[in-house]
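Working through the structure, step by step
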Amino acid sequence: MNQIYIGKIRHKDQVYDGEREPIVTAAMFQEAQALLASQAPRRRSHSNDSQPHLLTGLLYHEAGEKLRSVHANKQGVRYRYYVSKQFVDRRRNESEGWRLPAQAVNRQLSIA
């Protein structure tokens, strides 16, 4: 919810009057927010909110390619990994690549 459109600015938990003029009325802004909320898809799970892939786009393998973040669900448990692009693209069929458990990587880097 970006309140800059109605001339407000947020800093931490406080909302202040901004220095710019609003570009929409407060009523129009509230109507748009209600419309967006009513049309937003329902999330089936919030599990990825508490366990983000913090290193996505920051890890590379020896050939200089970025590792992608992926996950698997098994019996209600989410397992997260960082894997090589070619490993994902070829679905492991005769391909070589890295598959690193995210929890172990994060622990080594003292993130989790």
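A short tour of the structure in this document, coming up. (Residues numbered from 1 in each chain as written. Predicted model: local features only at pLDDT ≥ 70, side-chain atom pairs only at ≥ 80, totals over all residues. Heavy atoms only, no water.)

Summing up its helical and strand segments, the protein chain has four helices and five strands in all. Along the protein chain, helices (α) and strands (β) appear in the sequence β-β-α-α-β-β-α-β-α when read from the amino end. The proportion of buried residues among the 112 residues of the protein chain is 18%. Partitioning the intrachain contacts of the protein chain with sequence separation of at least 6 by distance along the chain shows that 25% fall at a separation of at least 24. For the protein chain, the exposed area adds up to about 9,400 Å²; of that, 50% sits on carbon and sulfur atoms. (Helix = DSSP H or I, 4+ residues; strand = E, 2+ residues; numbered from the N terminus. Buried < 20%, exposed > 50% of the residue type's maximum accessible area, 1.4 Å probe, protein only. Contact = heavy atoms within 4.5 Å. Areas by Shrake-Rupley, 256 points an atom, 1.4 Å probe, with all protein chains shown as cover.)

Residues Leu55, Leu59, Leu67, Tyr82, Ala102 and Val105 constitute the largest nonpolar core, which totals six residues. Beyond its immediate stretch of four places on either side in the chain, Leu67 contacts Gly57, Leu59, Tyr60, His61, Tyr82, Val83, Ser84, Trp98 and Leu100. (Core = buried A, V, L, I, M, F, W, Y, C linked by side-chain atoms within 4.5 Å.)

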